[in-house]
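Here are the chains, one letter per residue:
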Amino acid sequence: ASQSGVAIDAQWAAMPAIATPVGALPQQFSAGEDALICRNVSPQAFADSVLELIGSQGLYSRLSHGAHDAYRDKDLAAVARKWRDFYASVNMVKG
């Protein structure tokens, strides 16, 4: 899911993410700062990234802090307006 809010949810939880290089996912993260971006879209590339993350407490800690900082820097009011506009566009919100 490239536009589902995965990035901000992970950042909110100060959880390092592992993303595949598809859709807008790479643009939603800062590779090496709050997430790992897989080298390609394959089970092996994803597994390699998982092993890299769980194999280094320092990397996990750095990415976790980076995720927290990235969330703090988000303009949540703008995000809320985008979701409101989206729901309004599909007639899920009246008014």
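Quick caveat, the model's predicted, so the values are computed rather than measured.

Draft legend 1. Broad picture of the environment of methionine 15. Looking at the secondary structure, you find methionine 15 in the loop between helix 1 (6-12) and strand 1 (17-19). Put simply, methionine 15 and serine 61 are 46 residues apart on the chain and 9.3 Å apart in space, counted from C-alpha to C-alpha. If we ignore the near neighbours within four places in the chain, the residues touching methionine 15 are Ala10, Tyr60 and Ala67.

Draft legend 2. Up close: helix 4 (residues 57-72). Here helix 4 contains 16 residues, and its C-alpha end-to-end distance of 23 Å stays within 8% of the 22 Å for a straight helix at 1.5 Å per residue. Of all the residues in helix 4, the buried ones are Leu59, Leu63, Ser64, Gly66, Ala67 and Ala70. Burial along helix 4 is one-sided: seen end-on, the buried residues are contained in an arc of 165 degrees. Residues Gln57, His65 and Arg72 are exposed on helix 4 and point more than 90 degrees away from its buried face. Packing partners of the buried residues in helix 4 comprise helix 1, strand 2 (35-37) and helix 3 (43-54).

Criteria and thresholds
- The written sequence of each chain sets the order in which its residues are numbered from 1.
- Thresholds applied to this predicted model are a pLDDT of at least 70 for local features of residues and 80 or more for the giving and counting of side-chain atom pairs; totals over whole chains, interfaces and linings are not thresholded and use all residues.
- The basis for the side-chain values is all heavy atoms of the structure; hydrogens and waters are excluded.
- Helix numbering and strand numbering both begin at the N terminus, where a helix is a DSSP run of H or I of at least 4 residues and a strand a DSSP run of E of at least 2.
- Residue contacts are counted whenever heavy atoms from the two residues lie within 4.5 Å of one another.
- Multiplying one less than the number of residues by 1.5 Å gives the expected span of a helix.
- For the exposure calls, accessible area comes from a 1.4 Å probe over protein chains only, and a residue counts as buried if that area is under 20% of its type's maximum, exposed if over 50%, partly exposed in between.
- It is the directions from the helix axis to the C-beta atoms that the arc portrays.

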